[in-house]
Amino acid sequence: MSLLSANLDNTYLLIANLSSFVFCIFMVVFMRSVIENQNNSHARYIFKRLIIIVAACLVSDMLTYVFDTRVFLGARLLHKISMFLSVLLTVYVGSVWNVFFDSTFHIGKENKKRMWFYMIPVFAAFVCLFVNLFTGWLFFFDDNNVYSRGPFAFVSFFLQYLMWGVLILRAVFLKFSVKTIRYAKLRISFILVGLMTLIFFFF
């Protein structure tokens, strides 16, 4: 009976994930319409890379639901790999959004140095996920290959959405040397994307 309940919950989560996929498509189209008129080749390059990372993140996330409760040969390993990548890529997406933010607003010329700074949460997430393979502190799987949260699952969620919060704060408090309508629209666009992402997370 518990396995049936897990399968039903898994179906609902998969539907929710597909909704997130639709949201991300909307987000990509929206942001592209915002930057397409900009003469900023670097921002466009980062944006294209961002699309690939978001797609990989969504695929790995959906695979976690596909493999959940499955007990065929190799299902447990595939479930662990997809969950590992899902968490790690979610952290990475938030970091790259901040790189995209810098490129869009021409913040600093030392983007490579900033990129290393933005990668700190990604590195921290990788270390936590690696330790989790042996401890199950973030998440673990029972004998039926059902996903369960560990006692320190909040660390995973914090790392996943930390950079989204940073992105929103930067967009809200950023001060422009030259105030233009275009920059104001860009600011609002980043705030909306960050807020909608956090709303999807909490609900």
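The shown structure was predicted, so the numbers you read here are calculated from the model rather than taken from an experiment. (Residues numbered from 1 in each chain as written. Predicted model: local features only at pLDDT ≥ 70, side-chain atom pairs only at ≥ 80, totals over all residues. Heavy atoms only, no water.)

### What to know about the overall build of the protein chain
What the protein chain contains, in helices and strands, is seven helices and two strands. Listing the helices and strands of the protein chain from first to last along the sequence gives α-α-α-α-α-β-β-α-α. In the protein chain, the share of contacts with a sequence separation of at least 24, taken over all contacts with a separation of at least 6, comes to 71%. (Helix = DSSP H or I, 4+ residues; strand = E, 2+ residues; numbered from the N terminus. Contact = heavy atoms within 4.5 Å.)

### Some thoughts on the environment of Leu-192
Considering the arrangement of structural elements, one finds Leu-192 in helix H7 (residues 181-202). Along the sequence, Leu-192 and Ala-171 sit 21 residues apart, while their C-alpha atoms lie 9.8 Å from each other.

### A few points about the packing of helix H2 (residues 41-67) against helix H3 (residues 75-104)
Two elements in contact, H2 and H3, have axes whose closest approach is 8 Å; the angle formed by their N-to-C orientations is 155°. As the angle between them shows, H2 and H3 are arranged roughly antiparallel. Every pair of crossing elements has a handedness; the one defined by H2 and H3 is left-handed. A per-class count over the contact of H2 with H3 returns 21 nonpolar, nine polar and two charged. (Axes fitted to C-alpha atoms, helices over the stretch in contact; angles between N-to-C directions. Parallel < 35°, antiparallel > 145°, perpendicular 65-115°, else oblique. Left-handed = near helix turned anticlockwise from the far one by under 90°. Nonpolar A, V, L, I, M, F, W, Y, C, P; charged D, E, K, R; others polar.)

### Some words on the packing of aromatic side chains
Enumeration over the complete set of coordinates arrives at 17 aromatic pairs. With centroids separated by 5.5 Å and ring planes inclined at 50°, the aromatic side chains of Phe-100 and Phe-190 adopt a geometry described as tilted. On the criterion of sequence distance, the pair formed by Phe-100 in helix H3 and Phe-190 in helix H7 is long-range, its members being 90 residues apart. Neither residue differs from the other here; Phe-100 and Phe-190 are each classed as buried. With a centroid separation of 5.8 Å and an interplanar angle of 45°, the aromatic rings of Phe-105 and Phe-190 are classed as tilted. One end of the pair, Phe-105, is in the loop between H3 and helix H4 (111-118); the other, Phe-190, is in helix H7, with 85 residues separating them in the sequence. Note on Phe-105: relative accessible area 6%, which makes it buried. Owing to a relative accessible area of 0%, Phe-190 belongs among the buried residues under this scheme. Taken together, the ring pairs in this structure connect Phe-47, Trp-97, Phe-100, Phe-101, Phe-105, Trp-164 and Phe-190 into an aromatic cluster. (Phe/Tyr/Trp six-rings, centres within 6.5 Å; stacked < 30°, edge-to-face > 60°. Buried < 20%, exposed > 50% of the residue type's maximum accessible area, 1.4 Å probe, protein only.)

### As for the side chain of Ser-95
With respect to the helices, strands and loops of the structure, Ser-95 is situated in helix H3. Residue classification places Ser-95 among the buried positions, given a relative accessible area of 0%. Residues contacting Ser-95, with those up to four places away along its chain left out, are Tyr-118, Met-119, Val-122 and Met-163.

### As for the packing of helix H5 (residues 120-135) against helix H6 (residues 153-173)
The interhelical angle for the contact between H5 and H6, taken along N-to-C directions, is 160°, at an axis separation of 10 Å. Classed by the angle they form, the pair H5 and H6 counts as roughly antiparallel. Our pair here, H5 against H6, has a crossing hand that is left-handed. Touching Pro-121, Ala-124, Ala-125 and Cys-128 of H5 are Val-155, Leu-159, Leu-162 and Met-163, all from H6. Across the contact of H5 with H6, the residue classes tally to eight nonpolar, no polar and no charged.

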